[in-house]
Amino acid sequence: MSTENLPQSPEQQPPRKPRVAVVFGGRSSEHGISMVTAGAVLRAIDRTKYDVLPIGITREGRWVLTADEPERMAITERRTPDVEELAESSEGGVILPVDPANREVVYSEPGSVPKALGEVDVVFPMLHGPYGEDGTLQGLLELSGVPYVGSGVLASAVGQDKEYMKRVFISFGLPVGPYVVIRPREWELDESTARKKIIDFAGEHGWPLFVKPARAGSSIGITKVDDLSGLDEAIAAARQHDPKFLVEALLRGREIECGVLEFEDGPRASVPAEIPPVQSHDYYDFEAKYIDSTPGLVPAPLTPEQTAEVRRLAVEAFDAASCEGLVRADFFLTEDGTFVINEINTMPGFTPISMYPQMWEATGVPYPELVDRLIQVALRRSTGLR
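Another aspect to go through is the nonpolar core. In globular proteins that are soluble, nonpolar side chains generally tend to be buried together. If you look at the biggest cluster of nonpolar residues, it comprises 35 residues, and the most contacted ones within it are V22, I45, F124, M126, F350 and V371. Where this core is concerned, the elements lending two or more residues are β1 (19-25), α1 (31-44), β7 (122-126), β12 (253-263), α10 (355-363) and α11 (367-380). Every residue in contact with V371, bar those within four places of it in the chain, is listed here: V41, A44, I45, F124 and F350. One finds F169, A321, C323 and I344 within the second-largest nonpolar core, a separate group that totals 28 residues.

The next subject is empty space enclosed by the protein. The full count for this structure, using the stated rule, is one cavity of 30 Å³ or more. The volume enclosed by the largest cavity comes to roughly 50 Å³. Lining the largest cavity are P125, L127, G132, E133, Q138, V149, G150, S151, S156, T346 and M347. Tallied by class, residues from the lining of the largest cavity come to four nonpolar, six polar and one charged.

When its volume is computed, the second largest pocket comes out at roughly 190 Å³. Lining the second largest pocket, in full, are E142, G152, V153, L154, A155, S322, E324, G384, L385 and R386. Each residue belonging to the lining of the second largest pocket can be placed in one class, and the counts come to four nonpolar, three polar and three charged.

This brings us to the confidence of the model for the protein. For the protein, mean pLDDT is 90; residues scoring 70 or higher make up 91% of the total. In this model, residues 1-7 is a region of pLDDT below 50 whose contacts with residues beyond four sequence positions or in other chains number one contact.

With that settled, consider the pairing of β7. Of all five residues in β7, five are buried, a share of seventy percent or more. Both faces of β7 are covered, namely the face carrying V122, F124 and M126 and the face carrying V123 and P125. Pairing of β1 with β7 involves five bridges; the strand directions are parallel. Paired with F24 across the bridge in β7 is M126.

With that settled, the discussion passes to the sheet that holds strand β10 (residues 223-225). Here we have four strands laid out as an open sheet, ordered β8-β11-β9-β10, and antiparallel in their pairing. Where the open sheet ends on each side, the last strands, each with one partner, are β8 (179-182) and β10. Neighbour-to-neighbour, the strand axes of this sheet turn through a mean angle of 25°, independent of strand direction. Two strands pair when backbone bridges link them, and β8 and strand β11 (residues 245-249) are joined in this way by four bridges, in the antiparallel orientation. The partner of V181 across the bridge, within β11, is L246. Across the sheet, helix α6 (residues 191-205) touches β8, β9 (209-213) and β11, and the angle it forms with β8 is around 175°. The sheet contacts of helix α7 (residues 231-239) involve β9, β10 and β11, and relative to β9 the element is tilted by about 25°.

Here we come to a nonpolar patch on the surface. On the surface, a cluster of nonpolar side chains totalling about 240 Å² of accessible area is made up of I199, W207 and L228. Tracing the backbone shows I199 in helix α6. Overall, the relative accessible area of 33% leaves I199 in the partly exposed class.

Moving on: the pattern of salt bridges. Two side chains that carry opposite charge are able to pair once their charged atoms sit near each other. Tallying each qualifying case throughout the model produces 32 salt bridges. For D372, the salt bridge is made with K49, and the minimal N-O distance between the two is 3.0 Å. Pair noted here: D372 is in helix α11 and K49 is in the loop between α1 and β2 (51-57), with a separation of 323 residues, a long-range link. Owing to a relative accessible area of 34%, K49 belongs among the partly exposed residues under this scheme.

Another aspect to go through is the sheet that holds β2. Strand order in this open sheet of four strands is β3-β2-β1-β7, and the pairing throughout is mixed. Of all the strands in the sheet, the pair left with one neighbour each is β3 (63-65) and β7. Mean inter-strand twist for the sheet, computed between neighbouring axes without regard to direction, equals 30°. The sheet contacts of α1 involve β1, β2 and β7, and relative to β1 the element is tilted by about 155°.

The step from W207 to P208 runs through a cis peptide bond, and the omega angle for that step is 0°. Summarising the element assignment, P208 is placed in the loop between α6 and β9. The step from V298 to P299 runs through a cis peptide bond, and the omega angle for that step is -5°. Within the secondary structure, P299 sits in the loop between α8 (286-291) and α9 (304-320). Backbone geometry places Y131, a non-glycine residue, at a positive phi of 65°. Considering the arrangement of structural elements, one finds Y131 in the loop between β7 and α2 (136-144). If you check the backbone angles, S322 has positive phi at about 60° while not being a glycine.

Cut-offs applied
- Residues numbered from 1 in each chain as written.
- Predicted model: local features only at pLDDT ≥ 70, side-chain atom pairs only at ≥ 80, totals over all residues.
- Heavy atoms only, no water.
- Core = buried A, V, L, I, M, F, W, Y, C linked by side-chain atoms within 4.5 Å.
- Buried < 20%, exposed > 50% of the residue type's maximum accessible area, 1.4 Å probe, protein only.
- Helix = DSSP H or I, 4+ residues; strand = E, 2+ residues; numbered from the N terminus.
- Contact = heavy atoms within 4.5 Å.
- 1 Å grid on protein atoms, 1.4 Å probe; cavity = no way out; pocket = protein on both sides within 12 Å on 5 of 7 lines; lining within 4 Å.
- Points joined across faces, edges and corners; volume = space filled by probe spheres on them.
- Nonpolar A, V, L, I, M, F, W, Y, C, P; charged D, E, K, R; others polar.
- pLDDT = per-residue confidence, 0-100.
- Pairing = 2+ DSSP bridges.
- Axes fitted to C-alpha atoms, helices over the stretch in contact; angles between N-to-C directions.
- Patch = residues over 30% accessible without salt bridge, like charges linked within 9 Å, V, L, I, M, F, W, Y side chains within 5 Å.
- Areas by Shrake-Rupley, 256 points an atom, 1.4 Å probe, with all protein chains shown as cover.
- Salt bridge = Lys/Arg side-chain N within 4 Å of Asp/Glu carboxyl O.

Given below as structure tokens:
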């Protein structure tokens, strides 16, 4: 008698594929770049190995189901995409579980019975900037008991706040360039005193200076200031994105980046890359990165000793901030041959032109394997204290 059409016992049924929720968009000024990044990841995830649930967060903070159409998540005509364009409903919302014993995601629309979307095994948060990369989403997922790709609450918060990132690096003996911080209360209580603090800094370190939001990325809100006449406009541009801002001295040298990826035996560094001077831009700003697609040099033309040193420093920065999963560490190789760390990015760009995937490709980890490794690291890791 054939058993082909008989119901299978639970022991005979094939195991369920892990379900990955790719979360993107968000409330920060990096909303569009987050979507471009997520589109590349959605294209790369092995659908024979994982089930995928795309979840977008609108600029207002609504969580929505979106079409699984990564080809629509790209920069077109110098314009970044928007979650609202892919949302399956203008009113419905996705609700994550708040009970660690239940990982079932629910979809709810006004006037309709909530619909269960099934359990989520891991979240891949392709969010950049505040309300996603800064520890806020990580905290929500910790409360929900859902594993996720990337660093935990503390490392994500440190990696987002350039002031405290630098303080952590200094405490671990990593080389950091000169900077000064202006906090919201300082500026709001006495602008003239805060401005004098910057001018005194310029008197010590010289012009030009870089004014940047303390908690933003993708080079958004950054201005290179050549003299005092441009200072107020630069401060206003930074404060559009963050009431706290930094002023950094110009470091003359080469821009070097290095990727860190967590393996079974611990973090390892990729071959480094170099961001060459951008002829059509004053520095490596948002447009140079994403609109004009300025290519980097992978691997960077460094000596073997320099390559070993920057890889060592990248792993040290990863460990200093208690990072997990992945990090891109950005350095300056100054004219005297010293590496100075500029910052780390705990969720670096994953667009097709992003440096992090390119560096790992050159190290022997192609894009699909890179995405798979990150998911597997997250699945092996528990939530909670670790």
